Amino acid sequence: MHIVIINGPNLNLLGTRAPEIYGSTTLHDVEGMCSRWAAEVGATTTAYQSNHEGDIIDRLQRSSGVDGIVINPGALTHYSYAIRDAIEAITAPTVEIHISNIHDREPWRRTSVVSDVCEATIFGRGVNGYRDAIRHLASRAAWPAETIPYGSAADEVGDLRVPPTDGPHPVAVLLHGGHWRETIGRDRLDGVAIDLTKRGWATWNIEYPRVGGGGNWATTPASVERALDVLATMTKDRNLDLSRVIIVGCGSGGHLAILSATRDRDPRFIAVAGLAPVGDLSTAAQMNVGDGAVPAFMRGTPEDQPERYAAVSPVAHLPLEIPLLVVHGDRDERIPVDLSRSFVGRAADLGDSVVYREFEGVGHEALTETDSPAWHTVADEIDRFRK
Ligand code: CA2
């Protein structure tokens, strides 16, 4: 697999100015990192930078047949229909990337005229966004997904992958984490989706509106409900066994997963799995999980909005009455492991069927990195529900 990395105007200045926005890594360093990140997924890269719109268009046209393009069009993002047309004209799948959070700066940076001709848009993750863009292209190439809208908002879409074997296949609904913030998206669960699909699960890896993009304590769970409703209407020719659905969520996605299971207590749900889930929003707010992430999602503190917290905090809805799997690393730097210890303790006290696996010396990311021993254990535990 060969990927072309294209950087537009002023990105040659990376690392020399404005480190508070763009960091201190130079473009040369980023290009070297891209080559190493690509090697990790068996790909090679060619890097190109230009300050000139026409040169970028020429480079895109010359890349038409490559396996993938990662492009940061710089400020041209916000107004160049010529670059948009070039991306649309070529066959290579293209991922748009921005180092900064373009939704949280001047209003004119919110608009991208290229997003809807790109496979995905990654922003606000610093230079690691280039890594995620490369991984996303590799995942898409390894196992293409059918991207299906489940609502009218741009973020109301999901990626469906179905095993090629005889069905009907049980379904794993996947909810990514990222503290409910819009800079993290479902691409983070591409690897998990592919691994579970290889293990015989159809996977429905959903996006949902997040804080900064219309998501909050009321709208986000409503979107997840819609995604589950649309799954229920998916036709037989997709070969899904809709009477065997597991909901798997990571971090803040774990909150959404458990909440949707408690709300419906739907017999279709054979289990819910929380990977370092936020099971108790009030305690998470008090612990300042994600540096203010909980009150931003809840639009208020537990003291200001006690009823709101009770309405959408999973712990307030126990017992679940659906088998529960919780996994957590005791070195989790994003979601404290104490949250899971007390959540599963309470669920078990109230009579729920709970499997709790705590991994010694393991942090947050390893739970969803498919080459980590922790993920293998998680996947084996998920598989137990398939029978
Ligand atoms: O966040 C990004 O990656 C951007 O695409 C970067 C563009 C900007 O116009 C977009 O709105 C967002 C520009 C990069 C400017 O790069 C500089 C680097 C160092 C110092 C000054 C500018």
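Cut-offs used in this document
- Residues numbered from 1 in each chain as written.
- Predicted model: local features only at pLDDT ≥ 70, side-chain atom pairs only at ≥ 80, totals over all residues.
- Heavy atoms only, no water.
- Helix = DSSP H or I, 4+ residues; strand = E, 2+ residues; numbered from the N terminus.
- Rg over C-alpha atoms; globule rule 2.2 N^0.38 Å.
- Buried < 20%, exposed > 50% of the residue type's maximum accessible area, 1.4 Å probe, protein only.
- Contact = heavy atoms within 4.5 Å.
- Areas by Shrake-Rupley, 256 points an atom, 1.4 Å probe, with all protein chains shown as cover.
- Lys, Arg positive; Asp, Glu negative; His and termini not counted.
- Charge placed at Lys NZ, Arg CZ, Asp CG, Glu CD.
- Near = heavy atom within 4 Å.
- Polar contact = N/O pair within 3.5 Å; in protein donor to acceptor, adjacent residues only side chain to side chain.
- Nonpolar A, V, L, I, M, F, W, Y, C, P; charged D, E, K, R; others polar.
- Phe/Tyr/Trp six-rings, centres within 6.5 Å; stacked < 30°, edge-to-face > 60°.
- Lys NZ or Arg CZ within 6 Å of the ring centre and 35° of its normal.
- Domains from an automatic or database assignment.
- Buried area = accessible area lost by both parts, 1.4 Å probe.
- Salt bridge = Lys/Arg side-chain N within 4 Å of Asp/Glu carboxyl O.
- Core = buried A, V, L, I, M, F, W, Y, C linked by side-chain atoms within 4.5 Å.
- Axes fitted to C-alpha atoms, helices over the stretch in contact; angles between N-to-C directions.
- Parallel < 35°, antiparallel > 145°, perpendicular 65-115°, else oblique.
- Pairing = 2+ DSSP bridges.

> Summarise the overall build of the protein; cite the residues concerned and give the values.
Per the secondary structure count, the protein includes 13 helices and 13 strands. Its C-alpha radius of gyration of 21 Å places the protein within 12% of the 21 Å reference for a compact globule of 387 residues. For the protein, the spread of C-alpha atoms along the three principal axes comes to 65 × 50 × 40 Å. Expressed as a percentage of the 387 residues in the protein, the buried residues total 55%. Sequence separation of 24 or more characterises 75% of the internal contacts of the protein that already satisfy a separation of 6 or more. As presented, the protein carries roughly 15,600 Å² of accessible surface, and 48% of it is formed by carbon and sulfur atoms. Each charge class in the protein can be summarised by its mean position, and for the 36 positive and 52 negative side chains these summaries are 1 Å apart.

> Could you give an account of the site of the ligand, with specific residues and numbers?
Taken together, 16 residues lie near the ligand, and Asn72, His78, Ile99, Ser100 and Arg109 sit nearest. In the environment of the ligand, an oxygen atom lies 2.8 Å from a nitrogen or oxygen atom belonging to the side chain of Arg109. If the ligand stood free it would expose 500 Å²; the protein chains cover 91% of that surface. Classifying every residue of the shell around the ligand by side-chain character gives eight nonpolar, six polar and two charged.

> Report on the packing of aromatic side chains, specifying residues and quantitative values.
Using the criterion set out here, one finds two aromatic pairs in the structure. Relative to Trp204, the ring of Tyr150 has its centre 6.4 Å away and its plane inclined at 70°; by these criteria the two rings are edge-to-face. One end of the pair, Tyr150, is in the loop between strand E6 (146–149) and strand E7 (157–161); the other, Trp204, is in strand E9 (residues 202–206), and 54 residues separate them in sequence. Side by side, Tyr150 and Trp204 carry an identical accessibility label, which is buried. Ring centres 4.7 Å apart and planes at 10° place the aromatic pair Trp180 and Phe297 in the stacked group. Taken together, the residues Trp180 in the loop between strand E8 (169–175) and helix H6 (190–198) and Phe297 in helix H10 (residues 293–298) connect sequence positions 117 residues apart. Phe297 gets classed as buried once you look at its relative accessible area, which sits at 0%. One Lys or Arg, Arg59, reaches over the ring of Tyr48 and ends 5.7 Å from the middle of that ring.

> Describe the side chain of Thr262, with residues and values.
Checked against the element boundaries, Thr262 lands in helix H8 (residues 252–264). Residue class for Thr262 comes out buried when judged on its relative accessible area of 2%. In this structure the side chain of Thr262 is engaged in a polar contact, spanning 2.7 Å, whose partner is the backbone oxygen of Leu259. If we skip the residues at most four places from it in the chain, Thr262 touches His317 and Leu320.

> Give me the lowdown on the domain arrangement of the protein, citing residues and values where you can.
Its domain assignment divides the protein into domain 1 (2–137) and domain 2 (144–383). Its C-alpha centre places domain 1 at a distance of 30 Å from the equivalent point of domain 2. Domain 1 puts ten residues into the contact, and the matching count from domain 2 is eight residues. Counting each side, the surface lost to burial between domain 1 and domain 2 is near 700 Å², with a carbon and sulfur contribution of 35%. Sorting the residues of domain 1 by area buried against domain 2 places Phe123, Arg125 and His136 first, and these three jointly supply 58% of that buried surface. One can count two salt bridges joining domain 1 with domain 2.

> For the nonpolar core, give the residues involved together with the corresponding values.
Of all hydrophobic cores here, the largest spans 74 residues; its most connected members are Trp204, Leu231, Ile246, Ile247, Leu275, Val294 and Ile382. For this core, the element with the highest residue contribution is strand E10 (residues 240–250), accounting for seven residues. Dropping the residues within four chain positions of it, Ile247 is found in contact with Val173, Leu175, Leu228, Ala257, Ser260, Ala261, Phe269, Ala271, Val272 and Ala273. Counting residues in hydrophobic clusters, the runner-up holds 21 residues, among them Ile3, Cys34, Ala120 and Ile122.

> Explain the packing of helix H3 (residues 53–62) against helix H4 (residues 81–89) to me, using residue names and the numbers behind them.
Running from N to C, H3 and H4 point in directions that differ by 5°, and their axes come no closer than 9 Å. Regarding the angle of H3 to H4, the classification is roughly parallel. Touching Glu53, Ile56, Ile57 and Leu60 of H3 are Ala82, Ile83, Ala86 and Ile87, all from H4. Partitioning the contact of H3 with H4 into residue classes produces seven nonpolar, no polar and one charged.

> Outline the sheet that holds strand E3 (residues 68–72), supporting the account with residue identities and numerical values.
Ordered in space as E2-E1-E3-E4-E5, the five strands form an open sheet in which the pairing is parallel. The sheet terminates laterally at strand E2 (44–49) and strand E5 (120–123), the two strands that pair on one side only. Strand-to-strand twist in this sheet, taken as the mean axis angle between neighbours without regard to direction, amounts to 20°. Sheet topology note: the E3/strand E4 (residues 94–98) ladder contains three bridges and is parallel. Residue pairing in the sheet places Val70 in a bridge with Val95 of E4.

> Before we move on, can you summarise the side chain of Arg59 with the specific residues and values?
Locating Arg59 in the fold gives a position in helix H3. For the buried residue Arg59, which engages in no salt bridge, the nearest side chain bearing the opposite charge is Asp58, 10.0 Å off. Excluding residues within four positions of it along the chain, Arg59 makes contact with Val4, Ile6, Thr46 and Tyr48.

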